[in-house]
Amino acid sequence: MRKIMAISLAAVACSASLTLVASSPAAAADHSPQCVKVRKFFNKGQQRYVRLANLCTQRVSCYKIVIPHHKDPSGRLAKGATRDVWYGTTGIPRALYVKNVSC
């Protein structure tokens, strides 16, 4: 009886791990590379900026700047480029983060 129980538990464990392995490549295929990285947030006069770098050298990447209680500006960054992006005045809150989005 114990052998049958051990065999059935091993079969269940193997099928569960096969399901996880089979679903991992599909999930990875949907996930686009996280190319846009924040180098720094800064103010210049009364304007707020974020310095963004596209770490992917083979493709354009898109981003969205997340600001609390405001419309989130978004844009595109050329492959391998670094750019200072203006996103508002010092009268609005500082951006929380920048997220990569699909183009």
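These notes cover the structure that comes with them. No experiment lies behind these values; they were computed from the predicted model shown.

## A few points about the sheet that holds strand β1 (residues 36-44)
No. 1: Reading across the sheet, the three strands line up as β1-β2-β5 and stay open at both edges, with antiparallel pairing between neighbours. Sheet topology places β1 and β5 (82-89) at the edges, where each strand pairs with a single neighbour. Taken pair by pair, the neighbouring strands of this sheet meet at an average axis angle of 25°, ignoring direction.
No. 2: Across eight bridges, the pairing between β1 and strand β2 (residues 47-54) is antiparallel. Bridge pairing links Lys 44 to Gln 47 in β2.

## A word on the sheet that holds strand β4 (residues 74-77)
No. 1: In spatial order, the strands read β4-β3-β6; together these three strands make up an open sheet with antiparallel pairing. In this open sheet, the two strands that pair with only one neighbour each are β4 and β6 (97-101). Neighbour-to-neighbour, the strand axes of this sheet turn through a mean angle of 35°, independent of strand direction.

## Observations concerning the side chain of Arg 48
No. 1: Looking at the element boundaries, Arg 48 is found in strand β2.
No. 2: One buried charge, Arg 48, has no salt-bridge partner; the nearest side chain with opposite charge is Asp 72, at 13 Å.

## With respect to the packing of aromatic side chains
No. 1: Taken as a whole and judged by the stated rule, the model has one aromatic pair.
No. 2: Ring plane angle 10° and centroid distance 5.5 Å describe the contact between Phe 42 and Tyr 49, whose orientation is recorded as stacked. In terms of burial, Phe 42 and Tyr 49 fall into one category: buried.
No. 3: One residue, Lys 40, lies across the ring of Phe 42, its end atom 5.0 Å from the ring centre.
No. 4: Positioned above the aromatic ring of Phe 41, the side-chain terminus of Arg 94 is 4.0 Å from the ring centre.

## A closer look at the pairing of β6
No. 1: What you see with β6 is a clean split: Val 98 and Asn 100 sit on the buried side and Tyr 97, Lys 99 and Val 101 on the side with no burial.
No. 2: Where strand β3 (residues 61-66) meets β6, five bridges bridge the pair, whose relative direction is antiparallel. Looking at β6, one finds that Ile 65 is bridged to Val 98.

## Here's the deal with the state of the cysteines
No. 1: Per the stated rule, a full pass over the model turns up two disulfides.
No. 2: Across the disulfide from Cys 62 sits Cys 103; the S-S distance is 2.0 Å. One quick way to see it: the torsion about the S-S bond of Cys 62 and Cys 103 is about 120°, and its sign makes the bridge right-handed. Taken together, the residues span a long stretch of sequence, with Cys 62 in strand β3 and Cys 103 in the segment after β6 at a distance of 41 residues.
No. 3: Of the residues examined, Cys 103 reaches a relative accessible area of 58% and is grouped as exposed.
No. 4: Should the bonded cysteines of the chain be numbered as they appear in the sequence, the pairing reads 1-2, 3-4.

Rules of the game
Every chain begins its residue count from 1, and numbering advances along the sequence as written. Where totals are concerned, whole chains, interfaces and linings use all residues; where local detail is concerned, this predicted model gives features only for residues with pLDDT of at least 70, and gives and counts side-chain atom pairs only at 80 or more. Processing note: side-chain calculations cover all non-hydrogen atoms of the structure and skip hydrogens and water entirely. What makes two strands pair is DSSP finding at least two bridges between them. A run of DSSP states H or I qualifies as a helix once it reaches four residues; a run of E qualifies as a strand once it reaches two. Both are numbered from the N-terminal end. To get an axis, a line is fitted to the C-alpha atoms, and for a helix only the part in contact is used. The angle between two axes follows their N-to-C directions and goes from 0 to 180 degrees. When accessible area is computed with a 1.4 Å probe and restricted to protein chains, residues below 20% of their type maximum are described as buried, those above 50% as exposed, and intermediate ones as partly exposed. When charges are counted, Lys and Arg contribute as positive and Asp and Glu as negative, whereas His and the chain ends are disregarded. One side-chain nitrogen of Lys or Arg within 4 Å of one carboxyl oxygen of Asp or Glu is enough to make a salt bridge. Note on aromatic pairs: the rings of Phe, Tyr and Trp (six-membered ring only in Trp) are paired at centre separations within 6.5 Å, and the planes decide the class, stacked below 30 degrees, edge-to-face beyond 60, tilted for the rest. The criterion for a charge sitting over a ring is simple: Lys NZ or Arg CZ within 6 Å of the ring centre, and within 35 degrees of the ring normal. What counts as a disulfide here is a pair of cysteine sulfur atoms lying within 2.5 Å.

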